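Fold and geometry: a report
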Amino acid sequence: AEGAGQEFVSTGEKDATGHTKYGDVGTFMRDNLNKHLKEKGCGRCFYIDPSYIIRSVAIRPNDHIYCSRLSRDAVHTAMRGYTGVCIGPIHNIISMIPSELIASGKKKVSIKSSAWQSCVQSCNMPLSLSGM
């Protein structure tokens, strides 16, 4: 929620309209979690700014439903005590995916494949990325 955790990250600044400029609680949490995990010697935490992802594509009507499902399922998974998992879709079913499985290797996409060519065309990418 906007303004969450401001007791830890408050900037004390105002924008041109006089509204409070909020500090970034996401990076604050990431940095503190990484500090704790480093002390324990048991891993790392990554943080991807959701505003970048959300604003990088045009919104569709069902986006709010999808984001709501992902966030709700992520919270419920954590409250059940599961750790070391990511929440995401597999064949349109929201699933818990072990982090070790996700990080176990890289999937390679052939730039000559029809799947990649379809991606280039549907995303209006430059032809230089087509691999042809």
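This is a predicted model, so every value here is computed, not measured. (Residues numbered from 1 in each chain as written. Predicted model: local features only at pLDDT ≥ 70, side-chain atom pairs only at ≥ 80, totals over all residues. Heavy atoms only, no water.)

Right, let's talk about the packing of aromatic side chains for a bit. A full pass over the atoms with the stated rule returns 1 aromatic pair. Ring geometry for F8 versus F28: centroids 5.4 Å apart, planes at 15 degrees, classification stacked. Here the residue F8 occupies a position in helix α1 (residues 6–9), and F28 occupies one in helix α2 (residues 25–40), the gap between them amounting to 20 residues. On the accessibility criterion, F28 (28% relative accessible area) is partly exposed. (Phe/Tyr/Trp six-rings, centres within 6.5 Å; stacked < 30°, edge-to-face > 60°. Helix = DSSP H or I, 4+ residues; strand = E, 2+ residues; numbered from the N terminus. Buried < 20%, exposed > 50% of the residue type's maximum accessible area, 1.4 Å probe, protein only.)

Let us now look at the pattern of salt bridges. For the structure on display, the rule yields 2 salt bridges. One salt bridge in this structure joins E13 and K21, with 3.9 Å as the shortest N-O distance. The exposure class of E13 is partly exposed, given its relative accessible area of 42%. With a shortest N-O distance of 2.9 Å, D31 and R30 are connected by a salt bridge. (Salt bridge = Lys/Arg side-chain N within 4 Å of Asp/Glu carboxyl O.)

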